[in-house]
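Understanding the architecture of this molecule
Listed below, chain by chain, are the residues.
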Amino acid sequence: MPRVAFLVLLAASPALAQGPNLGQPISEAEVKAWDISILPDGAGLPPGSGTPAQGARIYAQKCVACHGEAAKGGTAAPLVGGGPLSAINTPKTIANFWGHATTVFDFIRRAMPWQQPRTLNDDEVYALTAYILAENKLIGSSETMNAKTLPQVKMPNRENFILRFPDRL
Amino acid sequence: MEKPAQVAANGLLDRRAFLRDGAALAAAMTGYSVVGTAAAAPLADEPWSKGPGAISPANEKPSRFEEKVTRTLSNPNGEPRTSHARTPHHLLNGTFTPNPLHFTIVHSGTPDIDPEQHRLVIHGLVKRPLAFSLDALGRYPLVSRMTFVECGGNSAPLFSPQPIQATAQALHGLVSCAEWTGVMLSTLLEEAGVDAKAKWLIAEGADALALSRSVPLAKALDDAMIALYQNGERLMPGNGYPMRLLLPGWEGNMNVKYLRRIKLVEQPAMSYYEARTYSPILPGGKAYRFYFLQEVKSFITHPSVGLKLKGPGLYEISGVAYSGNGRISKVIVSADGGRTWAQAALQEPVLAKAFTRFRVPWRWDGSPAVLQSRAWDEAGYSQPTRSQFVAARGETPSVFPVTAFASQHFNAVTSWGVNPGGEVSHVYA
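Residues numbered from 1 in each chain as written. Chains lettered and ligands numbered in written order. Predicted model: local features only at pLDDT ≥ 70, side-chain atom pairs only at ≥ 80, totals over all residues.

**Considerations on the overall build of chain B**
For clarity, the cut-off: By the criteria applied, helices consist of DSSP H or I runs no shorter than four residues and strands consist of E runs no shorter than two, each listed in order from the N terminus. We take the radius of gyration over the C-alpha atoms and set the globule estimate at 2.2 Å times the residue count to the 0.38 power. Between the buried cut of 20 or more and the exposed cut of 12 or fewer other C-beta atoms within 10 Å of a residue's own C-beta lies the partly exposed class, and all C-beta atoms are placed from the backbone. A pair of residues counts as a contact when their C-beta atoms, built from backbone coordinates, are within 7 Å of each other.
Scanning chain B from terminus to terminus reveals 8 helices and 27 strands. For 429 residues, the compact-globule formula gives about 22 Å, and the C-alpha radius of gyration of chain B, at 23 Å, lands near that figure. Taken over the C-alpha atoms alone, chain B extends approximately 70 × 65 × 45 Å along its principal axes. For chain B, the residues scored as buried account for 52% of the 429 residues in total. Here the analysis covers contacts within chain B between residues at least 6 apart in sequence; of these, 73% occur between residues at least 24 apart.

Shown next, in the form of structure tokens:
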């Protein structure tokens with residue numbers, strides 16, 4: 001199989017330059033601390049879990065200063081609500097636009113809180129994700145979010161996208 | 001000298017007139033002045049000529065008389081939100097953007113990366129996960145190419161139903177062009193050995209946000225580069241020091257800066273910026289996904305808002321054209337709001353996915369004029385008129401602040417109105 005992949009790659013790219021092979025081998029275990037990629041099918045989601053109630057407590061400590069009471073917005077964008085996509089500049093929200101609940105987990109884990117990104121543990125990220133999804137009524141108020149349940153959350157705008165240039169993908 | 005022939009209404013002249021009638025036509029030229037500057041003084045042997053000048057600095061800066069040639073900042077006090085720095089196109093010329101004036105968008109501040117410690121890791125669906133130091137990458141075969149980088153939200157003010165009065169810098173300042181030098185990503189992917197299952201890669205930065213975008217493997221193997229140098233020097237911090245992903249012709253946000261990790265995967269990650277920000281809403285409520293391409297576009301920089309014509313006479317209209325699909329094949333210019341057109345001269349060399357400067361001589365008679373440019377690329381795509389564009393992509397219900405991003409991927413024609421006083425305004429025509 002590896003040999004086949006190598007040949008396919010060569011055939012696809014006639015302009016490949018020969019490199020000096022200076023890459024240092026590294027194991028997936030060594031990359032683990034950096035590897036925070038999550039795919040929409042749930043691949044990459046870590047162990048752990050959280051509930052909306054747990055998330056509400058963390059939100060009050062670490063998020064409310066920018067995103068406001070009940071996540072309705074402050075100096076940073078609201079995380080709850082959102083109107084119909086009736087204009088081309090309707091603000092895009094988790095409820096009215098985002099197609100995958102995994103994106104919520106991914107963005108919180110990699111980028112939040114703004115001043116201290118990647119300081120939340122995975123349980124906290126699941127809990128905050130659960131809190132935001134519950135506030136948007138996308139999950140029930142006592143549902144637990146984990147690697148199994150999160151990718152199954154139905155996002156209302158999921159089927160509303162058109163691939164712009166499908167032949168380039 | 002014979003008067004050069006007018007080739008389109010309102011005084012547009014043959015693009016070859018300057019070449020053919022060179023000196024005489026040039027002598028008749030009038031220049032643009034930046035609004036508010038004083039007239040030149042009469043000839044004299046000035047004080048600065050009558051003694052030794054300043055010591056050469058180690059890093060030269062533009063003349064103090066050019067201090068107003070700066071980027072404009074959307075977030076000068078570093079509040080916790082995105083910072084945009086826009087290129088002053090109306091105060092520049094030529095085809096590439098000087099590094100201090102290259103546009104930048106930084107979402108969570110510019111990281112202070114130690115190049116000795118920085119690593120680029122390639123992993124996921126590969127035979128051999130690898131880590132590269134900056135020093136190691138510098139020993140690979142390097143490639144230089146001119147290419148523009150444009151934010152997917154550039155020109156967003158033109159989604160407004162009425163023209164927003166602003167300079168080309170404010171309207172179109174989120175595109176710049178530079179010579180980038182680096183290692184072809186295909187070389188590194190070959191070394192890592194791509195698994196046949198891999199269809200996408202996820203690129204991630206070492207900034208606070210760990211900005212992450214999914215890129216189709218086909219683009220990565222086509223012309224993607226790990227850029228190490230910008231216009232001959234190391235990347236500017238705002239442009240991704242010490243290394244960035246360069247995807248010629250694709251939306252700026254995907255050209256991930258501070259690049260530290262590439263993971264090969266079977267499906268896109270649907271990260272924040274691809275799932276939300278750069279998925280423009282269409283009239284009717286559906287949205288485009290994976291737009292990626294920056295389509296053919298042009299705009300006039302001279303004259304434009306903020307520059308003033310000093311009375312009737314000969315001027316050169318010029319601007320930039322570019323396309324993510326390849327080379328610019330043709331640019332036409334109108335002085336009567338798109339009724340008649342003259343073909344512009346294209347500055348050689350015309351390079352794929354890079355700025356092409358276009359020029360056309362213009363004899364302004366002092367009456368009102370509406371200037372437009374429209375470009376074609378070698379793939380056969382034409383820049384739409386604004387009305388064609390709006391018919392497909394819509395416009396906003398009302399005017400919005402010039403710094404707001406109403407939608408993404410605007411590439412239609414820009415119109416500049418010139419009044420008898422020589423002042424330029426943004427108009428729709």
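**A few points about the interface of chain A and chain B**
Quick note on the threshold: As a working rule, the residues Ala, Val, Leu, Ile, Met, Phe, Trp, Tyr, Cys and Pro are called nonpolar, Asp, Glu, Lys and Arg charged, and the rest polar, with Gly in that last group. Paired strands, as defined in this entry, are two strands with at least two bridges between them according to DSSP.
Contact residues are listed per partner, giving 57 residues for chain A and 64 residues for chain B. At the level of elements, helix 1 (2-12), strand 1 (24-25), helix 2 (28-31), helix 5 (102-111) and strand 4 (161-163) of chain A are the ones that each hand at least two residues to the side of chain A that touches chain B. For the side of chain A that touches chain B, a count of residues per class yields 35 nonpolar, 15 polar and 7 charged. When strand 4 of chain A meets strand 17 (residues 287-289) of chain B, the two strands line up parallel, connected through 3 bridges. Across the sheet, residue A:Phe161 finds its bridge partner in strand 17 of chain B, namely B:Ala287.

**A closer look at the sheet that holds strand 27 (residues 424-427) of chain B**
All names here are of chain B. Read across the open sheet, the 5 strands follow the order 22-21-25-26-27; overall the sheet is antiparallel. Because the sheet does not close on itself, it has two edges, and the strands there are strand 22 (342-343) and strand 27. Bridge count between strand 21 (residues 328-334) and strand 25 (residues 369-377): 6 bridges; the pairing is antiparallel. Within strand 25, the position partnered with Ser334 by the bridge is Gln372.

**Examining the sheet that holds strand 6 (residues 104-106) of chain B**
All names here are of chain B. With antiparallel pairing, 3 strands are arranged side by side in an open sheet as 4-5-6. The strands lining the two open edges of the sheet, one partner per strand, are strand 4 (72-73) and strand 6. Of the pairings in the sheet, the one linking strand 5 (residues 83-86) to strand 6 comprises 3 bridges and is antiparallel in character. Within strand 6, the residue paired with Ala85 across the bridge is Thr104.

**Quick look at the packing of helix 5 of chain A against helix 6 (residues 122-135) of chain A**
Residue and element names in this part refer to chain A. Threshold: Lines fitted to C-alpha atoms define the axes here, with helix axes fitted over just the stretch in contact, and angles between the N-to-C directions of these axes take values from 0 to 180 degrees. If an angle is under 35 degrees, it is roughly parallel; if it is over 145, roughly antiparallel; if it lies from 65 to 115, roughly perpendicular; otherwise it is oblique. For any pair of crossing helices, the crossing counts as left-handed if the nearer helix is rotated counterclockwise from the farther one by less than a right angle, and right-handed if it is rotated clockwise.
It is at 9 Å that the axes of helix 5 and helix 6 come closest, and there the two elements cross at 130 degrees. Between helix 5 and helix 6, the angle falls in the class oblique. As for the relative orientation of helix 5 and helix 6, their crossing is right-handed in sense. Counted together, Val104, Phe105, Ile108 and Arg109 of helix 5 and Val125, Leu128, Thr129, Ile132 and Leu133 of helix 6 form the full contact between these two elements. Considering only residue class, the contact of helix 5 with helix 6 consists of 7 nonpolar, 1 polar and 1 charged.

**Here's the deal with the pairing of strand 21 of chain B**
All names here are of chain B. Of all the 7 residues making up strand 21, 5 are buried; the element is thus mostly covered by neighbouring parts of the structure. Pairing geometry for strand 21 and strand 22, over 2 bridges, is antiparallel. Bridged to Ile332 within strand 22 is Gln343.

**Describing the nonpolar core**
Quick note on the threshold: In this usage, the nonpolar core is the set of buried Ala, Val, Leu, Ile, Met, Phe, Trp, Tyr and Cys residues whose C-beta atoms join them within 7 Å.
If you look at the biggest cluster of nonpolar residues, it comprises 155 residues, and the most contacted ones within it are A:Val104, B:Leu201, B:Met225, B:Ile226, B:Met243 and B:Val333. Considering each element in turn, this core owes the most residues, 9 residues, to helix 6 of chain A. If we ignore the near neighbours within four places in the chain, the residues touching B:Val333 are B:Leu12, B:Ile317, B:Trp341, B:Ala342, B:Ala344, B:Val360, B:Gln372 and B:Ser373.

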